[in-house]
Amino acid sequence: MTDSLNPLELSAAQAIFRDEVRDFVRTHLPPEIRERLRCGYAARKQDIVTWQRLLHTRGWAAPHWPAEYGGAGLGPAERLILQDELQRANAPLPLPFNITMLGTVLLKFGTEDQKRFFLPRLANQDLWFCQGFSEPGAGSDLAALRTRAVRDGEDYVVDGQKIWTSSAHLADWIFALVRTGQGTRKQEGISFLLIDMRSPGVTVRPIISIDGEHHLNEVFFDGVRVPVANLVGEEGRGWDCAKYLLSSERTGIANVGLCWERLDCARQLAASVQQGGQPLLSDSKLAAELALLEADIRALELTNWRFLLDPDTARKTPGFASVLKLKGSELMQELTTLIARIAGPAGLERRDAQSADATHPLAAAVPRYLFFRAATIYGGSSEVQKDILAKTILG
């Protein structure tokens, strides 16, 4: 693995912090979790809960939150170092729905009671949240959503449907955009609600994706009563919360550390797989492809640092987060495609994550390739990102 974290020179304090993270991961990450992720499998719920609680002992489960709410108050550079090191070490990231999405929204828009109740439970993974945004007919055009919440005394009564809801079958709660009114623009009249998934009238139906796994769901609300106290921000101003959340989501979705880890995986596989008595790594075309991918990841890494560390760049270039999302998701597709190609016919054999040969280095090559076909859709499709860039940069 390449030792340098980023193209910029770390300060002495940042280098010390990086070494602290590496030491913590090396001594605390359970080997079975590391091995599962190294082979390309997705982290299981118990993996994420176990590891997030270990990180929480250091305040690293929610590194950007203030210490009073269970965070570490880390700056952008340290947060990026932490994420990068976790991804490169095959450690699960803290649940993004809890930390970078809902937690970030509550810190800005939540009441003090909401912060005091939810934030400690989000950080320690005592509650598992999912995201209820997309609907049939309201995916990329999110403001077209039709799920309604009608005020009835001290409750809202929610009726409607969400779709493509990741981890809804595992979740305790869902944060959802609902329509509580109308305005001159369709973004008006939308509110941001926190809904207990155990409430009467909530139904979850699985969607099996192309990799054969159950990641996604439909969620139905039929007369679900939600306390008004679970409204985040002002009624009818939920679009403000959504924009703030999506900006935070897309900032972290470049996944530079994961790109480096998958590039290392591709090189290791190419060195171990033989063709004509020679390792694939000795093929000049493959070597050139690996070198080009390395250059692209370096460029993405530098862009990510510029965005996080230079406020002027972010302010002067509103579409910068879309650049990170667009390029990061495309690179993950290229990398998982390359690994599947290197695996060849051996990668087509289905191996369950619990089977005896699950640690085979090619075990999850094709399922991971199939899973990441969605990388250019979730978090805002590539087409939407290009529209944003056309408007914000090209005018």
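Values in this document were obtained by computation on a predicted structure and should not be read as measured data.

**Q** Account for the nonpolar core, naming residues and giving values.
**A** In terms of nonpolar packing, the biggest core is built from 55 residues, with Phe129, Phe175, Phe192 and Leu194 touching the most fellow members. Both domains that furnish three or more residues to this core are identified here as domain 1 (12-94) and domain 2 (129-236). Contacts of Phe129, omitting those with residues within four sequence positions, involve Leu95, Phe97, Asn98, Leu102, Phe118, Leu122, Ala171, Trp173, Ile174, Phe175 and Leu194. Core analysis: the next-biggest nonpolar cluster, separate from the first, contains 31 residues, Cys265, Leu290, Leu300 and Leu335 among them.

**Q** Describe the pairing of strand 4 (residues 173-179), and please don't skip the residues or the numbers.
**A** Counted residue by residue, strand 4 has seven buried out of seven residues, so it is predominantly covered. A two-sided burial pattern is seen for strand 4, the buried positions comprising Trp173, Phe175, Leu177 and Arg179 on one face and Ile174, Ala176 and Val178 on the other. Of the strand pairs in this sheet, strand 1 (residues 129-132) and strand 4 are connected by four bridges, and their pairing is parallel. Among the inter-strand pairings, Phe129 is bridged to a residue of strand 4, identified as Trp173. As paired elements, strand 4 and strand 5 (residues 190-196) share seven bridges and run antiparallel to each other. Its bridge partner being in strand 5, Phe175 is matched across the sheet by Leu194.

**Q** Tell me about the environment of Cys130, residues and numbers included.
**A** For Cys130, the position within the fold is in strand 1. Assessed through its relative accessible area of 0%, Cys130 is described here as buried. Sequence separation between Cys130 and Asn217 is 87 residues; the distance between their C-alpha atoms is 11 Å. Non-local contacts of Cys130, meaning those with residues more than four positions away in its chain, are made with Phe97, Thr165, Ser166, Ser167, Ala168, Ala171, Trp173, Ile174, Phe175 and Met197.

**Q** Help me get a handle on the packing of aromatic side chains, residues and values and all.
**A** All chains considered together, the criterion is met by 13 aromatic pairs. On the basis of an interplanar angle of 80 degrees and a centroid distance of 5.6 Å, the ring pair of Phe17 and Trp60 is categorised as edge-to-face. With Phe17 in helix 1 (residues 12-28) and Trp60 in the loop between helix 3 (45-56) and helix 4 (76-88), this residue pair connects regions lying 43 residues apart in the sequence. Note on Phe17: relative accessible area 8%, which makes it buried. On the numbers, 5.4 Å between centres and 75 degrees between planes, the contact of Phe24 with Trp60 is edge-to-face. Of this pair, Phe24 sits in helix 1 while Trp60 sits in the loop between helix 3 and helix 4, placing them 36 residues apart in sequence. Judged by relative accessible area, Phe24 falls into the buried class, the value being 4%. For Trp60, a relative accessible area of 5% puts it in the buried group. In this structure an aromatic cluster arises from ring pairing among Phe117, Phe118, Phe129, Phe133, Trp173, Phe175 and Phe192.

**Q** With reference to specific residues and values, describe unusual backbone geometry.
**A** At Asn90, a position not held by glycine, the phi torsion is positive, near 60 degrees. Relative to the elements of secondary structure, Asn90 occurs in the loop between helix 4 and helix 5 (97-109).

**Q** Now, about the domain arrangement of the protein: what can you tell me, with residues and values included?
**A** Domain boundaries assigned for the protein yield domain 1 (12-94), domain 2 (129-236) and domain 3 (250-394). Taken over C-alpha atoms, the centre of domain 1 sits 30 Å from the centre of domain 2.

Thresholds applied
- Residues numbered from 1 in each chain as written.
- Predicted model: local features only at pLDDT ≥ 70, side-chain atom pairs only at ≥ 80, totals over all residues.
- Heavy atoms only, no water.
- Core = buried A, V, L, I, M, F, W, Y, C linked by side-chain atoms within 4.5 Å.
- Buried < 20%, exposed > 50% of the residue type's maximum accessible area, 1.4 Å probe, protein only.
- Domains from an automatic or database assignment.
- Contact = heavy atoms within 4.5 Å.
- Helix = DSSP H or I, 4+ residues; strand = E, 2+ residues; numbered from the N terminus.
- Pairing = 2+ DSSP bridges.
- Phe/Tyr/Trp six-rings, centres within 6.5 Å; stacked < 30°, edge-to-face > 60°.

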